[in-house]
Amino acid sequence: MAVADDRHPGCDGCGRSVPLEDLTAVTMPDGERVACCPRCEPHAREAARKCASLDQRRGTCDGCTGTYLEAELEDIVLDDGTVVTCCPTCAAKAPDAESNTTDTQRETSDSTAADETRSESTSDDQQLCTQCTEWTSAEPFRVTTVDDRTERLCPSCKERAERDGIIKDVEIRKTKAREVLGVEADATDEELRTAFHEQVKRAHPDQQSGSKSAFQLVRDAYERLQEES
């Protein structure tokens, strides 16, 4: 637990310093008791009910490129000032800060720089999942959790969150919205409005081809794409 002072200890969920009287102890399935702020308490209780841990976010080791829990990863500062994130095994092999840079360090630094270059070149096509913190080429799902947090989840994390029962609402994705309206990704505002008026007429409950759910779907799709215009 990160502690700022005795009166404002840290929440084990989000790490924020909050007054002691605002913290609530939640017992996890393995017997561990965690202290949560009001915002994190519902998530912790739901995680305990589903036999899940409080924090399953994962990251990548810059040394062996393996995937580990973020709590297991450690930041190592190299001689040239480069910061690399390492698993326990790679951290143990890392040279002391005062030693000379080894070939392994240079390879790790080069690999990190290459990863950063790739991230910059693919940032327009890939987006970051706020749960697993990994880049995904698939459009993330924008969801609202049971404790009213907004998250952007990759398809795998979204399915897992749904199984765990921590999702309250899922917004329509842009790709799905474009399919509903029958427009391309580069559609203009005028084209969006025209497509919306055509589809909303077909989907209206008064029409034989329409229904309340179809009508609402068209409206949701139009509103979602308007956010991006």
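Before reading further, recall that the structure is shown in the block above.
Residues numbered from 1 in each chain as written. Predicted model: local features only at pLDDT ≥ 70, side-chain atom pairs only at ≥ 80, totals over all residues. Heavy atoms only, no water.

**Q** Any chance you could break down the nonpolar core for me, citing the residues and the numbers?
**A** The nonpolar side chains of soluble globular proteins are, as a tendency, buried together. Residues Leu181, Val183, Leu192, Val218, Ala221 and Leu225 are the most contacted members of the largest nonpolar core, which totals 14 residues. Those elements that place two or more of their residues in this core are α5 (174–181), α6 (189–203) and α7 (212–228). With five residues, the single largest contributor to this core is α6. Each residue touching Ala221, except ones within four places of it in the same chain, is listed here: Ile172, Ala177, Val180 and Leu181. (Core = buried A, V, L, I, M, F, W, Y, C linked by side-chain atoms within 4.5 Å. Buried < 20%, exposed > 50% of the residue type's maximum accessible area, 1.4 Å probe, protein only. Helix = DSSP H or I, 4+ residues; strand = E, 2+ residues; numbered from the N terminus. Contact = heavy atoms within 4.5 Å.)

**Q** Give a description of the packing of aromatic side chains that names residues and reports values.
**A** Going through the model one piece at a time under the given rule, you end up with one aromatic pair. Ring centres of Phe196 and Tyr222 lie 4.3 Å apart, and the angle between their planes is 15°; this geometry places the pair in the stacked category. Taken as a pair, Phe196 in helix α6 and Tyr222 in helix α7 lie far apart in primary sequence, 26 residues in all. Overall, the relative accessible area of 12% leaves Tyr222 in the buried class. (Phe/Tyr/Trp six-rings, centres within 6.5 Å; stacked < 30°, edge-to-face > 60°.)

**Q** How would you explain the sheet that holds strand β11 (residues 141–145) if you had to name every residue and give the values?
**A** Strand order in this open sheet of three strands is β12-β11-β13, and the pairing throughout is antiparallel. Each edge of the open sheet carries a strand with a single partner, namely β12 (150–153) and β13 (167–170). Neighbouring strand axes in the sheet, compared pairwise and without regard to direction, differ in orientation by 35° on average. Across four bridges, the pairing between β11 and β12 is antiparallel. Residue pairing for β12: Phe141 is matched across the bridge by Leu153. Most of the contacts of helix α4 (residues 155–164) go to β13, to which it runs at about 135°, and overall it touches β11, β12 and β13. (Pairing = 2+ DSSP bridges. Axes fitted to C-alpha atoms, helices over the stretch in contact; angles between N-to-C directions.)

**Q** I'd like a description of α5, backed by residues and values.
**A** Those residues of α5 that fall on the buried side of the exposure criterion are Ala177, Val180 and Leu181. For α5, the buried positions fall inside an angular range of 90° around the axis, keeping them on one side. Looking one or two places after α5, you find Gly182, whose phi comes out positive at around 70°. (Arc of directions from axis to C-beta.)

**Q** Describe the environment of Ser211, naming the residues involved and giving the relevant values.
**A** Tracing the backbone through its elements, the reader meets Ser211 in the loop between α6 and α7. Residue Ser211 is classed as partly exposed on the basis of its relative accessible area, which comes to 27%. Setting aside residues up to four positions removed in sequence, Ser211 forms contacts with Ala203, His204 and Pro205. Of the polar contacts made by the side chain of Ser211, one reaches the backbone nitrogen of Ala214; its length is 3.1 Å. (Polar contact = N/O pair within 3.5 Å; in protein donor to acceptor, adjacent residues only side chain to side chain.)

**Q** Explain the environment of Leu225 to me, and be specific about the residues and the numbers.
**A** Looking at the secondary structure, you find Leu225 in helix α7. A relative accessible area of 7% places Leu225 in the buried class. For Leu225 and Arg173, which are 52 residues apart along the polypeptide, the C-alpha to C-alpha distance reads 9.0 Å. Not counting chain neighbours up to four residues away, the residues in contact with Leu225 comprise Lys174, Ala177, Arg178, Leu181, Val183 and Leu192.

**Q** Go over the pairing of β11 with me, naming the residues and quoting the values.
**A** Counting buried residues in β11 gives four out of five residues, a clear majority hidden from the surface. Linking β11 back to β12 in an antiparallel pair, the connection comprises four residues, with Asp148 at a positive phi of about 65°. In this sheet, β13 lies alongside β11 in antiparallel orientation, the contact comprising three bridges. Looking at β13, one finds that Thr145 is bridged to Ile167.

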